Amino acid sequence: MGRKQEGGNPAVESVLSDLIKIQSVNPPGGETGVAEYLKRLFDRYQIPNEIIEPSPGRASFIACIGEGNKRLLYLSHTDVVPITEGWDSPPFSGELKDGFVHGRGAIDCKGLVAAEACAVIHLAQTLKLKGKLIFAATADEEVGGYLGAGFLAEKYPDKIRADFTINEGAEPLAMGSKTYHSLSVGEKGPAWMKLISKGISSHGSVPVMENNAVVKMASVINGLANYKPRVGLTSETQSLVQTFARLDGLSDKVSADNVDDVLRRLSDRVLVSYLSAVTRMTISPDVIHGGVKTNIVPDNCEAQIDIRILPGQNWEYVINELKEILGGVEVETMQYHAPSFSRSDNEYYRLIESTLKEFVGDVPILPSICTGATDSRYLREMGVPSYGIGVMTLNMDPAMSGSVHGKNEKIDIASLRLKTDFLASLAKKYLGN
Ligand SMILES: [Zn+2]
């Protein structure tokens, strides 16, 4: 249990260290250990809370403080991705060293769990909120959230319904000597498909190309690789590209017609890949299996394609766009979620933005789109705007972002405290009067 700081509140870095030590790698999960830890922590401060466990070991945790009509949800997830090879120290040590907390989940997402928990505990000690601040640390996010935020949204929507949600988002982006913060307002939708081609097997010494399932699939894969998706801009992605074009000294006014021309001239290639992905549907053929033996013409070949679509697109759009390329193979849906999006021109966004500036200074804060999926989509599907934050100090170590889902994951204690203070301040502003 987190060491107590002066004034009786837990230190956020000790809470995070404790959370990292409770292994909750998903699959298989094991988030109940985290939920029970949070229960003991919140019980100690007499904060009403509950554990919801849809299946053994897969619990989510909810707590709530304050009374009134306004409602704000602090969302986070308690599962982590499996560890990769080559860590410098044990990945579940939760070690506090050199100003960092080390271990799997330090950033994604136990750092946010700890910061949100400590912000709630701090507010419960110091203020009578005139609205409800809900804390939900949910299971299963890393493999789709069906047993976590998805389960709550389906079975207990009223427990998490709020005016708006704060959830995980992208870390600040370092470009040149400057750091830019972003607020995630939306995410692309996965439209993952399995393709199956059929052929007729025979002896490989007398090949018949039109019967070869691998050859058929190869031409489909080539077609997908050469497909040029249409560029689609929202006002947010337009301003994102425009901002980075200006920073690189380009004077073009960015539009759907010249995005690719502008991207070609940007200097940071990693940034270009990201901007390219948030301005169009992307297609990545990532798995292929076919054939059994060198001298047998294969009668079966399967491929898995990672397709991500923009707001405004759906499964029918994908099938319609690709129907000529996919002719001759069977198509199965592996996973589909509609893209989700929250407005950046409302009072919630402006409140988050202005509060963030008080903590990180007058740096550009850009509304961004996630290329991957988070639990925010479940809230957005309920009609609750959801915003992703990745609050860090301006002099953050850029290696930290690269450690998410990678090796040597860590977060600096200064950023953790900043995140906690930001969260407490935001809730105080929205629910304090
Ligand atoms: Zn995450």
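Residues numbered from 1 in each chain as written. Predicted model: local features only at pLDDT ≥ 70, side-chain atom pairs only at ≥ 80, totals over all residues.

Caption draft 1: Layout of the sheet that holds strand E13 (residues 330–336). Pairing is antiparallel across the open sheet formed by four strands, whose spatial order is E11-E12-E10-E13. A single partner strand is all that each edge strand has here, and the edge strands are strand E11 (282–290) and E13. Direction aside, the axes of adjacent strands within the sheet are offset by 20° on average. Together, strand E10 (189–198), E11 and strand E12 (300–309) form the strand contacts of helix H6 (residues 213–226), whose direction differs from that of E11 by roughly 170°. (Pairing = 2+ DSSP bridges. Helix = DSSP H or I, 4+ residues; strand = E, 2+ residues; numbered from the N terminus. Axes fitted to C-alpha atoms, helices over the stretch in contact; angles between N-to-C directions. Contact = placed C-beta atoms within 7 Å.)

Caption draft 2: Region of interest: the environment of Met-281. Secondary-structure assignment places Met-281 in the loop between helix H9 (269–277) and E11. On the basis of neighbour counts, which here come to 23 C-beta atoms within 10 Å, the residue Met-281 falls in the buried class. Residues Met-281 and Lys-188 lie 93 residues apart in sequence; the distance between their C-alpha atoms is 8.5 Å. With sequence-adjacent residues up to four places away left out, Met-281 is seen in contact with Pro-229, Ile-307, Arg-308, Ile-309, Leu-310 and Gln-313. (Buried ≥ 20, exposed ≤ 12 C-beta atoms within 10 Å, placed from the backbone.)

Caption draft 3: Fine view of the environment of Lys-428. With respect to the helices, strands and loops of the structure, Lys-428 is situated in helix H14 (residues 413–431). Placed 404 residues apart in sequence, Lys-428 and Ser-24 show a C-alpha to C-alpha distance of 31 Å. When residues no more than four places from it in sequence are discounted, the contact partners of Lys-428 are Leu-123 and Leu-127.

Caption draft 4: Examining the pairing of strand E3 (residues 70–77) more closely. With respect to burial, E3 is a largely interior element, seven of its eight residues being buried. Where E3 and strand E7 (residues 164–168) come together, three bridges link them in parallel fashion. Bridge pairing in E7 places Leu-73 opposite Thr-165.

Caption draft 5: Just the pairing of strand E2 (residues 60–65), in detail. Taken across its six residues, E2 has six buried, putting it largely inside the fold. Along E2, one buried face is formed by Ser-60, Ile-62 and Cys-64 and the opposite face, lined by Phe-61, Ala-63 and Ile-65, is buried too. Bridge count between strand E1 (residues 49–52) and E2: four bridges; the pairing is antiparallel. Opposite Ile-52, over in E2, you have Ser-60 as the bridge partner. Two strands pair when backbone bridges link them, and E2 and strand E6 (residues 131–138) are joined in this way by five bridges, in the antiparallel orientation. Bridging from a neighbouring strand, Ile-65 pairs with Leu-133 of E6.

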